[in-house]
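Summary of the model geometry
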Amino acid sequence: MLEILTEIGNRIINGGFKTHLMVYFISLALGIIIIQLVFSKLLKIVARKTNISYPLLQQTFRGIPTLLGILIGLYAIMEILTIPPRPLLFFQSLFHSLVILSLTLLVARLASGYLKQKFGKTSGAFASTSILATTIDLTVYTIGILFLLESFGVAISPLITALGVGGLAVALALQDTLTNLFSGINILIAKQIKIGDFVKLSTGEEGHVVDMNWRNTTIKTSTENMVVIPNQKFASSTITNYAQPFAECSISIPIGVSYESDLDHVEKITVTVAKEILQETEGGVNNFEPLVRYFSFADSSINFNVILRVKTVTDQHLIRHQFIKRIHARYQQEGIIIPFPTRTVNLEQVTPLAESRLR
C-alpha cells in the first residue's frame, strides 16, 4: 500500500502540465472546502462566546475563506510539484498578490464590521453606517493597491506625490462635499447620534436616523417618508435625541374639568385610568406611577397635566389615543364634566334717566 502511494506521489510530482493542472484544481477545491468548514465552525463559536451576531460575522468574512483556499492550493503546488522556473515565478507573483489582496480585504471587512457593531443599532438587519464604512474601505483599499504595485516593482513614491497634489486640488474644488463628509464623521464619532435614534431637528423634521453617508443623513418619519438632510446642516442644527441617554420618556396630556368637580376624586379616577392604560397598552411603562398636576384656573375649567411614561417616543401616539378615549368614557360614568369654553355676560336693566343720558 505504501509503495502504491509513493508511486502515485512520484507520478504527480514528475507529471506533465495536465497532471499538475489537475492536482492544482483538486488542491484548490479541497482547500476551499476545508477552510469554509473551519471558518463556519469558528464563527459560530465566536458568535456564541461574544455579543456579535453570527450574520454580521458571516458578512464580515464573506469571500475570505475562498481566498485562503486559493492561497493554500497555490502554496501546495509550489512546494510539492516540480515546476519550471518561469511558471514558478508566475505562481510566486500570483501568490504574493493574493496575500496582499486577502489582507486588504480582511482589514477592510473587519473595520466595517467593527463600525456596524459599534455605531449601528441592529434588530435582525444591520443598520447602515455607510459614511464610516466607505471612508475606511477607500483608505484600506488605497493602501493595499499601493503595496500591490510595489510588489510588482512599480515605484509608488511619485504616485504618492501626485496623489497629494491632486488631493489638494480636489479638496479645493469640493469644499462643500468634504464639509458634509467630515461633519458626518464627527457626528458618528461623537456618539451623540446613532443609527436608529429618534431625533427632532430645530427646523421641525423628526424621525429615525436610518443612514448617514458621505453627503447626507436620511431620516425616516412616522409617515414612512424619507427626509434627506446635508450633513453640514444636520451637524449645525439643534437636535433633540429622544433615544439618549435612554429610550424611555415622559409625556404630558393636558385636561380641564369644571369648577364644581371634586379635585381629589378627579385625581384618583385619572390616576387609575392612567395605570390601566400603561399596563394594557403596548409601549407603556407598566411600573411607572402616573402623576396628576393641577396648574391653572382657566376661564371655564381647572386645568391639569397627566404625566405618563412610554418606552419610546413613537409609542406616545397610541398611549395618548387610548388614554383620551378611556378617560372620556370614565369621566362620563363618574359625572365629571369636561366643560366647553364659556363666557358669562351680565345684562343690566337701564333706567329711563340713564337711557336719556345715553341719548
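Here, the structure is the one placed above.
Counting restarts for each chain: residues are numbered from 1 in the order of the written sequence. Where local features are concerned, this predicted model is filtered to residues with pLDDT of at least 70; where side-chain atom pairs are given and counted, the filter is 80 or more; whole-chain, interface and lining totals use all residues. The side-chain figures draw on all heavy atoms in the structure; neither hydrogens nor water molecules are used.

Things to note about a positive patch on the surface
A cluster of like positive charges, contributed by Lys41, Lys44, Arg48 and Lys49, occupies part of the molecular surface. Comment: elements are numbered from the N terminus, with helices defined as DSSP H or I runs of at least four residues and strands as E runs of at least two. Tracing the backbone through its elements, the reader meets Lys49 in helix α2 (residues 17-49). A relative accessible area of 69% means that Lys49 is categorised as exposed. What goes into a patch is any residue over 30% in relative accessible area without a salt bridge, connected to like charges within 9 Å or, for nonpolar side chains (Val, Leu, Ile, Met, Phe, Trp, Tyr), within 5 Å. For the accessible areas, the method is Shrake-Rupley and the probe is 1.4 Å, while residue cover comes only from the protein chains on display. Basic side-chain nitrogens of Lys or Arg form a salt bridge, by our definition, when they fall within 4 Å of a carboxyl oxygen of Asp or Glu. We treat Lys and Arg as the positive residues and Asp and Glu as the negative residues; His and chain ends play no part in the count. By convention, charge coordinates are those of NZ in Lys, CZ in Arg, CG in Asp, or CD in Glu. Working definition: with a 1.4 Å probe on protein chains only, accessible area under 20% of the residue-type maximum means buried, over 50% means exposed, and in between means partly exposed.

Things to note about the packing of helix α10 (residues 263-280) against helix α11 (residues 316-334)
The packing of two helices is summarised by the inter-axis angle and the distance between the axes. Orientation is described by axes fitted as lines to C-alpha atoms, over the contacting stretch for helices, and by angles from 0 to 180 degrees between their N-to-C directions. Here α10 crosses α11 at 140 degrees, and the two axes come no closer than 10 Å. One way to sum up the angle between α10 and α11 is to call them oblique. Relative to α11, the crossing made by α10 is right-handed. Facing His265, Val266, Ile269, Thr270, Thr272, Val273, Ala274, Glu276, Ile277 and Glu280 of α10, the residues of α11 in contact are Ile319, Gln322, Phe323, Arg326, Ile327, Arg330, Tyr331 and Glu334. For this scheme, ten residues count as nonpolar: Ala, Val, Leu, Ile, Met, Phe, Trp, Tyr, Cys and Pro. Four count as charged, namely Asp, Glu, Lys and Arg, and the remainder, Gly too, count as polar. Across the contact of α10 with α11, the residue classes tally to nine nonpolar, four polar and five charged. Here the word oblique covers every angle except those under 35 degrees (roughly parallel), over 145 (roughly antiparallel) and from 65 to 115 (roughly perpendicular). The sense of a crossing depends on the near helix, which, turned anticlockwise from the far helix by less than a right angle, makes the crossing left-handed and, turned clockwise, makes it right-handed. Residue contacts follow a heavy-atom distance rule, with two residues in contact if any of their heavy atoms lie within 4.5 Å.

A look at the sheet that holds strand β4 (residues 226-230)
Between any two strands, at least two bridges found by DSSP are needed for them to pair. With antiparallel pairing, five strands are arranged side by side in an open sheet as β4-β3-β2-β1-β5. What marks the edges here is a single partner per strand, and that holds for β4 and β5 (239-241). Ignoring which end each strand starts from, the neighbouring axes of this sheet average 40 degrees apart. Two elements, strand β1 (residues 198-201) and β5, share three bridges in a ladder whose sense is antiparallel. Its bridge partner being in β5, Val199 is matched across the sheet by Asn241.

A short note on α10
By definition here, a helix of n residues has an expected span of 1.5 Å times n minus one. Taking 1.5 Å per residue, 18 residues should reach 26 Å; α10 reaches 26 Å between its end C-alpha atoms and fits that length. By the N-cap criterion, in which a side-chain oxygen at the helix start approaches the backbone nitrogen of a residue two or three places on, α10 is capped by Asp262, the distance to Asp264 being 3.3 Å. Nitrogen and oxygen atoms within 3.5 Å of one another constitute a polar contact, given that in protein one can donate a hydrogen and the other can accept it, and given that sequence-neighbouring residues count only through two side-chain atoms.

Digging into α11
Compared with the 27 Å implied by 1.5 Å per residue over 19 residues, the 26 Å span of α11 between its first and last C-alpha is a close match. Of all the positions in α11, only Gln316, Ile319, Phe323, Ile327 and Tyr331 are classed as buried. Taken around the axis of α11, the buried residues stretch over an arc of 75 degrees, which confines them to a single face. Structural note: α11 exposes His317, Gln332 and Gln333 on the side pointing more than 90 degrees away from its buried face. Those residues of α11 that are buried are in contact with β6 (249-257), α10 and β8 (302-310). This arc corresponds to the set of directions leading from the helix axis out to the C-beta atoms.

A short note on the nonpolar core
Soluble, globular proteins show a tendency: their nonpolar side chains are buried together. Counting 24 residues, the largest nonpolar core has Ile255, Phe304, Val306, Leu308, Phe323 and Tyr331 as its most contacted members. Those elements that place two or more of their residues in this core are β6, α10, β8 and α11. By residue number, the principal contributor to this core is α10, which donates seven residues. When residues no more than four places from it in sequence are discounted, the contact partners of Phe304 are Ile253, Pro254, Ile255, Val257, Val266, Thr270, Val292, Arg293, Tyr294, Phe295 and Tyr331. Think of a nonpolar core as a cluster: buried Ala, Val, Leu, Ile, Met, Phe, Trp, Tyr and Cys residues, connected wherever their side-chain atoms sit within 4.5 Å. If you look at the next biggest cluster of nonpolar residues, it comprises 15 residues, including Phe39, Leu43, Leu74 and Phe95.

Thoughts on unusual backbone geometry
Its identity is not glycine, yet Glu224 carries a phi of approximately 70 degrees, on the positive side. Its location among the elements puts Glu224 in the loop between β3 (216-220) and β4.

As for the pattern of salt bridges
Pairing between side chains becomes possible if they bear opposite charge and their charged atoms approach one another. Inspection of the entire model under this criterion finds six salt bridges. For Arg309, the salt bridge is made with Glu248, and the minimal N-O distance between the two is 3.6 Å. One end of the pair, Arg309, is in strand β8; the other, Glu248, is in the loop between β5 and β6, and 61 residues separate them in sequence. Judged by relative accessible area, which is 34%, Glu248 ranks as partly exposed. Ionic pairing is found between Lys275 and Glu289, a salt bridge with its closest N-O pair at 3.2 Å. Taken together, the positions of Lys275 in helix α10 and Glu289 in the loop between α10 and β7 (291-297) put the pair 14 residues apart, joining distant regions of the chain. Given the relative accessible area of 32%, Lys275 is considered partly exposed.

A few points about the pairing of β7
With six bridges connecting them, β7 and β8 associate as antiparallel partners. The partner of Val292 across the bridge, within β8, is Val306. Where β7 folds back on β8, the antiparallel hairpin that results is connected by four residues.

Description of the packing of aromatic side chains
Put simply, two rings from Phe, Tyr or Trp (the six-membered ring, in Trp's case) pair if the centres are within 6.5 Å, and we call them stacked under 30 degrees between planes, edge-to-face over 60, tilted for the rest. Enumeration according to the criterion identifies three aromatic pairs in this entry. Each ring, one from Tyr259 and one from Phe297, has its centre 6.1 Å from the other, and the planes form 15 degrees; the classification is stacked. In this pair, Tyr259 is assigned in the loop between β6 and α10 and Phe297 in strand β7, connecting sequence segments 38 residues apart. Among the residues examined, Phe297 registers a relative accessible area of 67% and is labelled exposed.

What about the pairing of β8?
Burial runs high along β8: seven of the nine residues are buried. As defined by bridge partners, β6 adjoins β8 across nine bridges and the pair is classed as antiparallel. When the bridges of β8 are listed, Ile253 appears paired with Val306.

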